[in-house]
Amino acid sequence: MPNIFQELPDNLAVEHFETITTGENVRIERIVSNENTTPEGEWYDQSQREWVIVLEGSGSIEFEEGRSVTLNKGDHLLIEKQERHRVTRTDPNTIWLAVHYD
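Some points on the overall build of the protein
Then comes step 1: Looking only at helices and strands, one finds zero helices and eight strands in the protein.
Then comes step 2: The secondary structure elements of the protein, listed N-terminal to C-terminal, are β-β-β-β-β-β-β-β.
Then comes step 3: Over its C-alpha atoms the protein spans a radius of gyration of 13 Å, differing by no more than 12% from the 13 Å that the globule rule assigns to 102 residues.
Then comes step 4: Projected onto its principal axes, the C-alpha positions of the protein cover 40 × 35 × 25 Å.
Then comes step 5: Residues counted as buried form 36% of the 102 residues belonging to the protein.
Then comes step 6: When contacts within the protein are restricted to residue pairs at least 6 apart in sequence, long-range pairs at least 24 apart make up 64% of them.
Then comes step 7: Summing over all exposed atoms, the protein offers an accessible surface of approximately 6,100 Å²; the carbon and sulfur share of this is 48%.

With respect to the sheet that holds strand S1 (residues 16–23)
Then comes step 1: Ordered in space as S1-S2-S8-S3-S6, the five strands form an open sheet in which the pairing is antiparallel. A strand with exactly one partner marks an edge of an open sheet, and here the two such strands are S1 and strand S6 (76–79). With direction set aside, neighbouring strand axes in the sheet form an average angle of 20°.

Thoughts on the environment of Val14
Then comes step 1: If you trace the backbone, Val14 turns up in the segment before S1.
Then comes step 2: Residue Val14 is classed as partly exposed on the basis of its relative accessible area of 48%.
Then comes step 3: In the structure, Val14 is positioned 22 residues away from Asn36 in sequence and 6.4 Å away in space, judged by C-alpha atoms.
Then comes step 4: Every residue in contact with Val14, bar those within four places of it in the chain, is listed here: Val32 and Asn36.

A look at the layout of surface pockets
The rolling of a water-molecule-sized probe over the atoms marks out the regions of remaining empty space.
Then comes step 1: Estimated volume of the largest pocket: approximately 200 Å³.
Then comes step 2: Along its surface, the largest pocket is lined by Met1, Pro2, Asn3, Ile4, Gln6, Glu7, Glu18, Ile20 and Arg30.
Then comes step 3: Residue composition of the lining of the largest pocket, grouped by class: four nonpolar, two polar and three charged.
Then comes step 4: In terms of lining residues, the second largest pocket is bounded by 14 residues, among which Phe17, Ile31, Tyr44, Glu50 and Val87 are the most central.
Then comes step 5: Across the lining of the second largest pocket, the residue classes tally to eight nonpolar, three polar and three charged.

Examining the side chain of Glu83
Then comes step 1: Relative to the helices and strands, Glu83 resides in the loop between S6 and strand S7 (85–90).
Then comes step 2: A distance of 2.9 Å separates a polar side-chain atom of Glu83 from the backbone nitrogen of Glu80.
Then comes step 3: Sequence-distant contacts of Glu83, that is, excluding residues within four places in its chain, are made with Tyr44, Phe63, Arg67 and Leu78.

How each quantity is defined
Residues numbered from 1 in each chain as written. Predicted model: local features only at pLDDT ≥ 70, side-chain atom pairs only at ≥ 80, totals over all residues. Heavy atoms only, no water. Helix = DSSP H or I, 4+ residues; strand = E, 2+ residues; numbered from the N terminus. Rg over C-alpha atoms; globule rule 2.2 N^0.38 Å. Buried < 20%, exposed > 50% of the residue type's maximum accessible area, 1.4 Å probe, protein only. Contact = heavy atoms within 4.5 Å. Areas by Shrake-Rupley, 256 points an atom, 1.4 Å probe, with all protein chains shown as cover. Pairing = 2+ DSSP bridges. Axes fitted to C-alpha atoms, helices over the stretch in contact; angles between N-to-C directions. 1 Å grid on protein atoms, 1.4 Å probe; cavity = no way out; pocket = protein on both sides within 12 Å on 5 of 7 lines; lining within 4 Å. Points joined across faces, edges and corners; volume = space filled by probe spheres on them. Nonpolar A, V, L, I, M, F, W, Y, C, P; charged D, E, K, R; others polar. Polar contact = N/O pair within 3.5 Å; in protein donor to acceptor, adjacent residues only side chain to side chain.

Listed below in structure tokens is the structure:
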């Protein structure tokens, strides 16, 4: 049985996105961050909603309108589609679970 906390990527210089499963209009992925941030001036602008929970570590997300949210282990957040956002901070070995859906 797979374990979300095992088989972490060796190269953590960049964020790793791993699709766990997909279905009609839904994608579930594990994201592993190691003090990674979205490059300055870049924004995620997604065509689906994203529900995200921090399973290990912590991270901060900034929204284009100026709001900033820090998520600690167990905290979760719904990001609406087309809501431009970026990751501004993560702890070493932060593990997120993200569900993208319509």
